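Observations on chain architecture
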Amino acid sequence: MAAKRLVVLVSGSGTNLQALLDAIEADGAEAYGAEIVAVGADREGIVGLERARAAGLPTFVCRVRDHATRADWDAALAEATAVHEPDLVVSAGFMKIVGKEFLARFGGRFVNTHPALLPSFPGAHGVRDALAYGARVTGCTVHFVDDGVDTGPIIAQGVVEVVEEDTEEGEAALHERIKEVERALLVEVVGRLARNGYRIEGRKVRLLP
Ligand code: GRF
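The protein is annotated in an unreviewed UniProt entry as Phosphoribosylglycinamide formyltransferase from Streptomyces physcomitrii. Recorded under Catalytic activity (unreviewed entry), the UniProt text for the protein is reproduced unchanged: "N(1)-(5-phospho-beta-D-ribosyl)glycinamide + (6R)-10-formyltetrahydrofolate = N(2)-formyl-N(1)-(5-phospho-beta-D-ribosyl)glycinamide + (6S)-5,6,7,8-tetrahydrofolate + H(+)". The Sequence similarities (unreviewed entry) comment attached to the protein in UniProt states, word for word, "Belongs to the GART family."

Structure follows, in structure tokens:
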């Protein structure tokens, strides 16, 4: 079967993007089930874009401040993504909430990874919030995006223990441990979605046999 087409959206260091690139390179796109056809970002000057360019991939940047309204930005992001005809769009550390137009076009095939065990600690500070709350375990969640903030149907989760040494100042160390689990989980989930196909039934995501 032909490899599914992925567009990956990034805002930062792009280590999740790199994990996908490495897995596709190691397995071959056909065996993995997917290939990355483009990488999009909401800002210039990030390592995630450098990784994409180093891999020889087309990139696009869609900045909120270049558009008159948030809705205009959302429509432009949707259009820039659609040009690459993706089967799946992956938000891998993309730190923007997309809007109506993007979801109308890519809802049900837009996957996000979040650094906490949803529905606990949604939003931009999932790691910090779990630490501040005193949670003893946290982790990461790969889920489909809906019109809420980190509320869409959950595909898979990975658990990471919070240890005594994880102070709120040590947020970065905990986030690094979460990201190790997160990268492996994202690679596994995206490959399985691409190879098996899937159905979203309410809040449940069923991989096809
Ligand atoms: C990940 O932990 C993601 O869940 C969060 O930001 C991090 C992105 O890391 N939203 P990277 O850019 O893939 O290295």
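Right, picking up where we left off after that structure.
Further remarks concern helix α4 (residues 70-82). Turn by turn, an α-helix covers 3.6 residues, leaving residues three or four places apart pointing in a common direction. Across its 13 residues, α4 extends 18 Å between first and last C-alpha, which sits within 8% of the 18 Å expected from 1.5 Å per residue. The set of residues buried in α4 consists of Trp 73, Asp 74, Leu 77, Ala 78, Thr 81 and Ala 82. Projected down its long axis, α4 shows its buried positions confined to an angular sector of 165 degrees, all on one face. In the core, the buried residues of α4 are packed alongside β1 (4-10), β3 (59-61), β4 (88-91) and α5 (100-106).

This part is about the pairing of β1. Counted residue by residue, β1 has five buried out of seven residues, so it is predominantly covered. Strand direction decides the pairing type here: β1 and strand β2 (residues 34-41), joined by seven bridges, are parallel. Bridging from a neighbouring strand, Val 10 pairs with Ala 41 of β2. In terms of strand pairing, β1 meets β4 through four bridges, oriented parallel. The partner of Leu 9 across the bridge, within β4, is Ser 91.

Calculation rules
- Residues numbered from 1 in each chain as written.
- Predicted model: local features only at pLDDT ≥ 70, side-chain atom pairs only at ≥ 80, totals over all residues.
- Heavy atoms only, no water.
- UniProt positions renumbered as here; feature names shortened; annotations may be inferred.
- Helix = DSSP H or I, 4+ residues; strand = E, 2+ residues; numbered from the N terminus.
- Expected span 1.5 Å × (residues − 1).
- Buried < 20%, exposed > 50% of the residue type's maximum accessible area, 1.4 Å probe, protein only.
- Arc of directions from axis to C-beta.
- Contact = heavy atoms within 4.5 Å.
- Pairing = 2+ DSSP bridges.

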